[in-house]
Each structure stands twice: as structure tokens, then as C-alpha cells.
Amino acid sequence: MRALVWHGKNDVRVDTVEDPAIVNPRDVIIKVTSTAICGSDLHLYHGVIPTLRAGDILGHEFMGEVVETGAKQKKLRKGDRVVVPFVIACGECFFCRKLQYSACDNSNPVDKADMSEMLFGHQMSGIFGYSHLTGGYAGGQAEYVRVPFADVGPIAVPDDLEDDKVLFLSDILPTGWMAAENCEIEEGDTVAVWGCGPIGLFAVQSAFLMGAHKVIAIDHYPHRLELARKFGAEIINFKDVDVHAALVEMTGGIGPDAVIDAVGMESHGMAPDNILDWAEQTVMLETDRPHALRQAIHACRKGGRVSIPGVYGGFVNHFPIGAVMEKGLTIRTGQTHVQKYLPRLLDMIREGRIDTTFLISHRLPLEEAREGYRLFDEEQNETTKVVLKPGMEAANGR
Amino acid sequence: MHLGRHRGHRRDTWGANLGANLGVNWGEGSTVGTWGRQIRDHLAGGRHHRNDGHGHGNAVLVIAFCALAAGVAAFAITRGSSMRNNRRIDAGDAPRHTVRRRRLPGRHNAVHVGRTVTINRPRKYLFSFWRDFSRLPQFMENVQSITVIDDKRSRWVVKGPGEMDVTFETEITEEVPGEVIAWRSSDDADVKHSGRILFRDAPDGRGTEVEAAITYVPPGGRLGQLLAKLAGREPEIQTRRELKRFKQLMETGEIADAAPRPAARA
Ligand SMILES: NC(=O)c1ccc[n+]([C@@H]2O[C@H](COP(=O)([O-])OP(=O)(O)OC[C@H]3O[C@@H](n4cnc5c(N)ncnc54)[C@H](O)[C@@H]3O)[C@@H](O)[C@H]2O)c1
Ligand SMILES: [Zn+2]
Ligand SMILES: [Zn+2]
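Residues numbered from 1 in each chain as written. Chains lettered and ligands numbered in written order. Predicted model: local features only at pLDDT ≥ 70, side-chain atom pairs only at ≥ 80, totals over all residues. Heavy atoms only, no water.

Glancing now at the coordination of the zinc ion (ligand 3). All of the protein donors around the zinc ion (ligand 3) are A:C90 (SG), A:C93 (SG), A:C96 (SG) and A:C104 (SG); their distances to the metal are 2.3 to 2.5 Å. Because the angles between the 4 donor atoms bound to the zinc ion (ligand 3) fall within 101 to 116 degrees, the donor set is best described as tetrahedral. (Donors = N, O, S within 2.8 Å, 3.2 Å for Na, K, Ca; no water. Tetrahedral: all angles 85-135°; square planar, octahedral: opposite > 155°, others 65-115°.)

A separate point is helix α8 (residues 243-250) of chain A. Residues and elements named next belong to chain A. V243, A246 and L247 are the residues of α8 that are buried. Seen from one end, α8 has its buried residues packed into an arc of 100 degrees, which puts them on one side. Where the residues of α8 are buried, they touch β10 (190-194), β11 (214-219), β12 (234-237) and α10 (291-299). The residue sitting at the N-terminus of α8 and contributing the capping side-chain oxygen is D242; that oxygen lies 3.1 Å from the backbone nitrogen of H244. Of the residues flanking the end of α8, it is G252, one or two places downstream, whose phi is positive at about 60 degrees. (Buried < 20%, exposed > 50% of the residue type's maximum accessible area, 1.4 Å probe, protein only. Helix = DSSP H or I, 4+ residues; strand = E, 2+ residues; numbered from the N terminus. Arc of directions from axis to C-beta. Contact = heavy atoms within 4.5 Å. Polar contact = N/O pair within 3.5 Å; in protein donor to acceptor, adjacent residues only side chain to side chain.)

With that settled, consider the sheet that holds β10(A). All names here are of chain A. The 6 strands are arranged β12-β11-β10-β13-β14-β15 in an open sheet whose pairing can be described as parallel. In the strand order of this sheet, the two ends are held by β12 and β15 (330-333), each with one partner. Geometrically, the sheet is characterised by an average inter-axis angle of 20 degrees between neighbouring strands, direction not taken into account. The sheet contact formed by β10 and strand β13 (residues 258-261) spans 4 bridges and is parallel. Bridge pairing in β13 places W194 opposite D261. (Pairing = 2+ DSSP bridges. Axes fitted to C-alpha atoms, helices over the stretch in contact; angles between N-to-C directions.)

Mapped onto this structure's residue numbering, the UniProt feature "domain: Alcohol dehydrogenase-like N-terminal" (unreviewed entry) falls at residues 25-155 of chain A. Within residues 25-155 of chain A, the helical portion is 17% and the strand portion 24%, while the C-alpha atoms at the span's ends are 18 Å from each other. (UniProt positions renumbered as here; feature names shortened; annotations may be inferred.)

Residue and element names in this part refer to chain B. With 5 of 6 residues buried, strand β7 (residues 180-185) is to be regarded as a mostly interior element. What sits between the antiparallel neighbours strand β6 (residues 165-176) and β7 is a turn of 3 residues, in which G178 has the positive phi angle 80 degrees. When β7 meets strand β8 (residues 193-201), the two strands line up antiparallel, connected through 5 bridges. Bridged to R184 within β8 is S194.

This paragraph deals with the environment of B:A94. Residue and element names in this part refer to chain B. Along the polypeptide, A94 turns up in the loop between β2 (87-88) and β3 (111-119). On the basis of relative accessibility, which here comes to 8%, the residue A94 falls in the buried class. Each C-alpha atom, one on A94 and one on F129, is 27 Å from the other, the two residues being 35 residues apart in sequence.

In this section: the site of ligand 1. Residues and elements named next belong to chain A. Taken together, the neighbourhood of ligand 1 is formed by 32 residues, with S40, H43, D219, R224 and P309 sitting nearest. Residue P309 places a main-chain N or O atom 2.9 Å away from a nitrogen atom belonging to ligand 1. Calculation on ligand 1 without its partners gives an accessible area of 870 Å², and the protein chains cover 97% of this total. In terms of residues, the shell around ligand 1 owes the most to one element, helix α1 (residues 39-45), which gives 3 residues. Looking at the shell around ligand 1 residue by residue, the class counts come to 13 nonpolar, 16 polar and 3 charged. Of the domains in this structure, domain 1 (2-171 + 336-396) and domain 2 (176-333) are the two that each give at least three residues to the shell around ligand 1. (Near = heavy atom within 4 Å. Areas by Shrake-Rupley, 256 points an atom, 1.4 Å probe, with all protein chains shown as cover. Nonpolar A, V, L, I, M, F, W, Y, C, P; charged D, E, K, R; others polar. Domains from an automatic or database assignment.)

What follows is the structure, encoded as C-alpha cells:
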């Protein structure tokens with residue numbers, strides 16, 4: 001089959017690789033119809049997530065048709081059309097029973113689990129196409145993909161909802177939703193969101209659906225900010241405006257009740273602390289650059305909530321623990337417990353209460369995935385989301 | 001020396017040991033660059049414990065994991081104190097295998113390794129699965145087969161270093177139905193070891209806490225341990241992994257594997 005393979009830093013290519021097959025009894029094999037490139041894939045692309053290996057197939061946002069089922073697969077049948085959560089979860093362990101699927105204890109093979117146990121104190125769950133820390137499972141930017149524990153994760157979608165409407169159930173919609181849920185929004189609350197990428201934009205929509213009085217979105221790309229404004233957010237361009245001062249003024253001097261870091265470990269911008277982070281990251285004194293997170297913590301009102309959907313993988317310097325403690329902030333974060341949110345969000349899409357297709361700026365054949373990465377990385381203002389379609393004819397043929 | 005009274009302290013020791021201990025392959029050309037240093041910094045302070053030698057001799061790795069290839073349990077879960085240089089070791093409520101290595105008495109003595117997992121299944125069910133030794137190879141990677149000889153004795157065939165098989169007998173030394181199984185290798189075994197596995201109810205319907213502890217005398221001292229570690233079969237790693245695989249099999253009916261197809265299995 002054809003698949004998007006990571007060869008090294010900023011080097012991905014569509015290669016011919018061997019087809020996947022059933023390995024365990026609860027597996028299914030999916031023929032991918034749509035798969036997307038995520039902000040998390042950019043961290044992998046840039047080589048800032050450890051333990052990725054040359055030859056790994058990327059992609060954790062995908063959907064398609066079930067073409068093979070394992071011997072003990074009781075839920076799915078050949079021909080089912082499903083969206084697959086990026087988190088692999090067993091459904092049986094202590095964490096899965098608590099609906100904390102991204103903490104699943106059983107989906108990361110034991111040898112791989114050792115790595116995250118050393119780094120983080122406890123092992124992580126498996127994730128598709130997302131380095132060997134999370135299992136080294138082959139990803140879904142491919143024609144076919146093996147899906148373990150397929151009786152727990154994938155959700156069947158009705159035929160009348162086209163791929164573009166439901167694909168984002170695999171990650172970014174539930175992630176934006178959980179980011180807003182972690183804000184514990186109360187009446188009258190203002191929520192500030194750093195980053196108007198897919199995660200930030202879904203967090204904006206979700207915060208309003210959860211009753212936020214005001215949402216303030218922060219980025220430096222005018223087009224992305226404009227999308228946030230379309231959903232009713234007030235916007236701040238950090239290139240031109242002092243973010244902290246603006247947030248204080250726009251909240252009557254109190255500060256946002258909740259803040260969302262939808263930027264993650266590779267903050268943009270020329271703020272002094274971010275430049276220091278660049279330097280420290282370069283000489284390996286730090287792995288992540290948390291400028292947006294520092295700013296969010298600094299701006300959050302006393303007693304407020306800090307929600308971090310943005311991905312961090314290692315260690316940061318100059319973390320403002322003083323502001324967290326002195327202001328009495330609550331921090332909530334995590335890889336998304338996708339499975340937990342699927343039925344509800346699917347209903348909301350069907351009822352037309354959440355708009356998902358607005359985000360897609362590019363639909364490309366899988367063969368052009370390399371260009372898709374380049375666009376999403378280098379032309380972020382215009383490229384808001386790239387969807388790859390293995391079935392689509394390549395423009396210049398194969 | 002005082003170990004913390006609370007369980008949280010165990011993680012410390014474990015993490016520190018892992019630093020020195022982990023048979024992890026970060027991967028060719030992997031993006032681990034920045035990381036090495038960070039991890040070192042963050043683990044500093046604990047990572048030297050492992051380096052105390054445990055006896056000398058030739059590199060008979062066979063042992064190391066024969067003993068543990070099975071990766072199972074231990075014996076002395078003796079909690080409490082022991083002596084070294086006339087100084088009392090206060091393990092508090094922590095299990096024996098969490099005592100810092102350099103604190104253990106003598107340099108030529110047994111090594112204690114172990115691990116606890118919570119398994120979301122009833123205690124009696126887990127116990128009876130384990131009690132039938134012939135089923136253990138289902139999740140013990142390095143054990144080829146276990147033949148039950150009689151009510152107490154079984155014969156184990158374990159993958160040894162260099163792909164040669166090692167055979168030895170074990171004898172059950174303690175059994176409390178639903179709670180404890182302990183065994184030791186027969187006197188003529190190449191690798192002398194004893195194992196003990198404890199089953200206790202986890203709080204609030206969480207299932208069962210299963211604690212595996214194993215005690216063995218490292219065959220080739222430091223070199224033997226190093227070689228075994230390179231082979232990925234060091235008893236501590238092995239114990240941890242076998243126990244996690246047991247949990248996976250009991251909870252999910254299968255063992256997690258990232259291989260894209262059966263032929264690509266490790
Ligand atoms: N928690 C999860 O389960 C989960 C799931 C998916 C993605 N993520 C993470 O969420 C983050 C965002 O993902 P995405 O797909 O939206 O990525 P993206 O790269 O498309 O968007 C990030 C946005 O942040 C903006 N930004 C950068 N620096 C900023 C700053 N200092 N202040 C304000 N805005 C800034 C960028 O201009 C960009 O628009 C990533 O870290 C991604 O890995 C987490
Ligand atoms: Zn994603
Ligand atoms: Zn689980």
C-alpha cells in the first residue's frame with residue numbers, strides 16, 4: 001500500500017510499504033477514506049517529539065471502511081463506516097473504566113511502555129502514528145491501517161454524513177471540546193484561547209456552547225483570527241498588541257476566568273522569554289518552548305482555571321509556578337479521552353450545532369501528503385486544515 | 001536510612017533505578033537527541049545505585065534470567081529491617097525490592113526485584129490462572145514451556161543467552177489459596193532463584209493488587225548483569241514486563257502489540 005512515512009526532520013514522503021494485517025483478536029483493518037494532518041503531526045515533523053524513527057508511518061486522524069475483522073471482534077463488521085479515535089484504549093483497565101481513555105494501561109506494548117514510565121513516572125497509552133513513546137503503532141495517513149481494540153474505539157457513522165463532517169471526531173473536535181470542558185465554565189465567564197489552529201477554533205466554538213459569556217482568541221495569523229471572530233470570539237493579534245494588557249482591559253481588570261493553551265510546545269513570536277527558550281532548546285537545556293503557556297498563566301485571573309490541550313513532551317524552564325500558587329490556579333490537561341465524547345459530539349454534528357467543515361482549506365490525494373505537510377507548516381495563515389484522501393486521483397497522476 | 005512511610009516513595013527508587021537500568025532502545029536516528037541530557041539531569045541523584053556490584057565470576061547470564069526469565073515473583077518481601085555495617089535499614093512499609101541497592105547487606109548476596117500491578121479482575125480468578133503453571137508461558141516471553149510434574153514441582157524451559165535453552169525445576173514452597181504462591185528453583189538449578197506472588201483485594205472494587213517479587217543470585221556479577229541487560233532480559237525489566245503482560249491478558253484477553261502484521265512481530 002501507499003503511506004506517508006517519516007524519514008527525518010522536515011522530511012516526509014509517500015512510500016510503498018507492506019499492507020497491515022490482523023494481529024490480535026479484537027483488531028480490525030480499515031481502508032482509509034479520509035485522514036487529516038494535525039498540529040501534533042507538525043511536532044513530529046519538526047522532530048521535537050522523542051523516539052520517532054525513520055520509517056514510521058504517521059497519522060492519527062482517520063476514518064474509513066472496515067475490511068477485515070479479528071476473531072473476537074464482536075462490534076464491527078466488514079463494510080462498517082467508522083471514525084477512529086487517535087487514542088488506543090482497551091476499555092477494561094482502571095483508567096478506561098473511569099473514562100480516562102488516554103491513560104489506558106493496556107494499549108502500549110510493555111517494552112515501549114518502559115520509555116514513558118521513565119520519562120513521566122507512568123506509562124502512556126498507545127496512540128496511532130505518534131512515536132514509540134506511545135507504542136510505535138503505524139498511523140492512518142495510509143491506504144490501510146490496523147486498529148487494535150476496535151470494539152472500544154471506532155464509532156460507526158451514518159452514511160448521510162459525509163467524511164468531511166465527521167472526520168474530526170478522531171481528534172481535534174473532542175480535543176477542543178475537552179479543552180473547554182476543562183475550563184469549568186460558569187455563567188458570565190470569559191475564556192481566553194491562545195492559538196487559532198484547529199484546536200483553538202474548536203475550543204472557541206465549544207466554550208460558547210458551554211455557556212461562556214465572552215471568548216477572546218489570540219494568534220498572529222489574520223485569517224485564522226478571522227475564523228475565530230466568525231464564531232463570535234473577540235480577537236487579539238499578538239504581533240501588534242500587548243496581550244496581557246489587552247486581556248486585563250477586556251475583562252474589566254479582572255483577567256480571564258479560564259485560559260486555554262492551544263499552542264503547545266513550539267510557540268511562535270519574538271517575546272524575550274520565547275527567544276531564551278529557542279536558545280535553550282537549541283543547546284538542549286530545554287525540550288519544549290512554553291511561551292504561550294507562561295503568558296496564559298500570567299493573564300489568568302486569581303482562582304481561575306488553566307486548560308492545556310497544547311502538547312508538551314518534556315521539560316521546560318522558567319515555569320511560573322509562583323503565579324500558579326500565589327493566584328490559586330487550577331491546571332487541567334491531557335491527551336484527549338476521545339472515546340468518552342464521541343456519541344455526544346456525533347449527535348451535535350448531526351443536529352447542526354457544531355460546524356466542522358469550515359476548517360478544511362485543502363483536500364489532497366494521499367500522494368500529495370508531502371506538499372500537505374509543507375503547506376500546513378509554512379503557510380499557516382491560509383492553510384487551516386489539510387485532509388488527505390487516499391482514493392482521490394493525484395493531480396499529476398501516479 | 002529512612003524510606004518514606006508512604007508508597008509514593010517507591011516510585012522514586014524505581015525511577016532512579018530505571019535510569020541506569022532500562023533496556024530501552026530509543027531507536028536508530030530517533031529524535032531523542034535533546035532528551036538524553038534532560039533525562040540525565042532529572043534522574044540525577046538516583047542513578048548510581050544500580051552500579052554496586054553483586055558478586056563476581058564469569059558472565060553466566062544464563063542465570064540472571066533463568067531465574068527471572070520467568071520474570072516472576074520474589075521471595076523476601078520481608079518488610080522491615082536488615083543490617084549492613086551494623087546500620088539499620090528502615091524500609092518502613094515499603095516492599096523489600098524498593099530498598100536502594102547500595103543499602104543492601106553484602107556485595108555477593110541475592111538481588112531482590114519486584115513489581116505490583118492492579119488488575120481489574122477478581123482475586124480468585126487471577127490466583128487460579130497463575131496456579132496452573134503450564135499457562136504461564138502464554139504471557140512470559142522467555143519461557144518456552146512449563147511442564148507440571150506433580151502438585152508441587154514443575155519443569156521450566158527458558159530461552160537462555162545465545163538462544164540456547166535452559167531447563168530447571170521449581171518447587172512450590174508456600175501456597176495460600178487465593179492469596180500467595182511461592183516457589184524456588186531446585187538445588188541443582190543453574191540459576192538459583194525464588195519467586196513469590198501475592199494477590200490482595202484492591203480498594204473500592206478496583207480488582208486485585210498483584211505483587212510479584214523474585215530473589216536471585218546474579219550469575220556473572222556485574223558483567224553478567226550487564227550482558228543480561230543488553231539482551232533485554234535483565235530480571236528487573238523482565239519481571240516488570242511479564243507482570244504487565246499478565247495484566248493485559250487478564251483484562252483484555254490479548255497482549256498489546258504494535259506490529260503491523262503477524263510476521264512483523266518482535
Ligand atoms: N491534547 C490533545 O489530545 C491534542 C490533540 C490534538 C492536538 N493537540 C495539540 O494542540 C496544539 C494545537 O494544535 P493545532 O492542530 O491547532 O496546531 P496548529 O499548529 O495548526 O495551531 C497552532 C496555532 O498557535 C498559534 N500560535 C503560535 N504561537 C502562539 C502564541 N505565542 N500565542 C498565540 N498563538 C500562537 C499559531 O500561529 C497557530 O495558529 C498542538 O500542540 C497540538 O499538538 C493536542
Ligand atoms: Zn491530531
Ligand atoms: Zn484501558
